[in-house]
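# Geometric and topological summary
Each chain is listed here by its residues.
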Amino acid sequence: MSRRQRITTAVVLAPLPILAVLFLPTPWLAAIVALVLLAGLWEWTHFAGVHDRLPRAAFLTANALMMAALVWGAGPGLFTLKLMSMVGVLWWAVVCLWLARPAFGGADTAANRSLKLLAGTLGIIPAWCALGWLHSEDPFGARWTLFALLIVWAADSGAYFAGSRWGRRKLAPTISPGKSWEGVYGGLATCALLAIPAVPLLGLAWSQLPALWLVTLGVAAISVVGDLFESLMKRQSGVKDSGDLFPGHGGLMDRLDSILAALPVFVVGKAWLGL
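Keep in mind that this is a model prediction, so the values were computed, not measured.

Rules behind the numbers
Residues numbered from 1 in each chain as written. Predicted model: local features only at pLDDT ≥ 70, side-chain atom pairs only at ≥ 80, totals over all residues. Heavy atoms only, no water. Helix = DSSP H or I, 4+ residues; strand = E, 2+ residues; numbered from the N terminus. Buried < 20%, exposed > 50% of the residue type's maximum accessible area, 1.4 Å probe, protein only. Contact = heavy atoms within 4.5 Å. Phe/Tyr/Trp six-rings, centres within 6.5 Å; stacked < 30°, edge-to-face > 60°. Lys NZ or Arg CZ within 6 Å of the ring centre and 35° of its normal. Expected span 1.5 Å × (residues − 1).

This part covers the overall build of the chain. Looking only at helices and strands, the chain has ten helices and two strands in total. In sequence order, the secondary structure elements of the chain are arranged as α-α-α-α-α-α-α-β-β-α-α-α. Taken across its 275 residues, the chain has 47% of its residues classed as buried. Restricting to contacts in the chain with at least 6 residues of sequence separation, those with at least 24 account for 73%.

Applying the stated rule across the entire model yields twelve aromatic pairs. Seen in terms of ring centroids, W44 and F229 are 5.9 Å apart; in terms of plane orientation they differ by 35°. Their pairing is tilted. You can see W44 sitting in helix α3 (residues 26-47) and its partner F229 sitting in helix α9 (residues 209-237), a full 185 residues away along the chain. By relative accessible area, W44 is classed as buried at 5%. With a relative accessible area of 2%, F229 lands in the buried category. For the ring pair W144 and F266, a centre distance of 5.9 Å and an interplane angle of 55° mean the geometry is tilted. Here the residue W144 occupies a position in helix α7 (residues 141-166), and F266 occupies one in helix α10 (residues 252-272), the gap between them amounting to 122 residues. Both residues of the pair, W144 and F266, count as buried. Following the ring pairs from residue to residue traces out a cluster consisting of W44, F47, W91, W92, W98, F104 and F229. One cation-aromatic arrangement involves R56 over W42; the distance from NZ or CZ to the ring centre is 3.9 Å.

Across its 22 residues, α3 extends 31 Å between first and last C-alpha, which sits within 8% of the 32 Å expected from 1.5 Å per residue. Where α3 terminates, the next one or two residues include G49, which has phi positive at roughly 80°.

What follows is the structure, given as structure tokens:
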């Protein structure tokens, strides 16, 4: 993967989600994002060792019906969205423990395949609910949603460039040998800088900058966890990229992994700190 190819793809694709977040009403945005997440979940089934089209289609249908039930069955109320977002936060705490034992779930057994399919559902459903909560909650919801995405992109870009230049100490060599602690620090520093001009744009007072930094750095850190978890799934399944949809960036899930972890943590952290 060349640096030029990676940058070109990012520049071409970035305006699409930005425009969607800023200008689409929440129901339309949620519908489009649901389709994107389900397409990413189709790639995820490869990580779980499910390759036949029929069970893969059945799994996607079950997740689509779950999304529909959350919207039309339970109603699009904030309580449901908040509850599922908190489930997402708990799930990513569990993932941190999973990453501490990277051999867990590696054997190709029916139980592990089911566990990995469940992991895919616990990744996309809470993230989708968190997006709906964040985007619809207040007049600045679209800006807050864009800021959450920008944190992920800034953490990834800052880590990539800092790691390429100064990376020495490996972050998780058995999971993703290319990632370094220096890259993580570069990503965190980039996100901290990003939060400063965001204060007035998000309708915050400057006295709230420390709280915004806390949320921003926490989300940047958990985005790394999301990236590492997908790397672990790919390593266990012997897959290099989740797909080849985006030149230089892999497949959909390669672009979604960090976002799935970031959104629930961001919206719950924002609410907890009263931002």
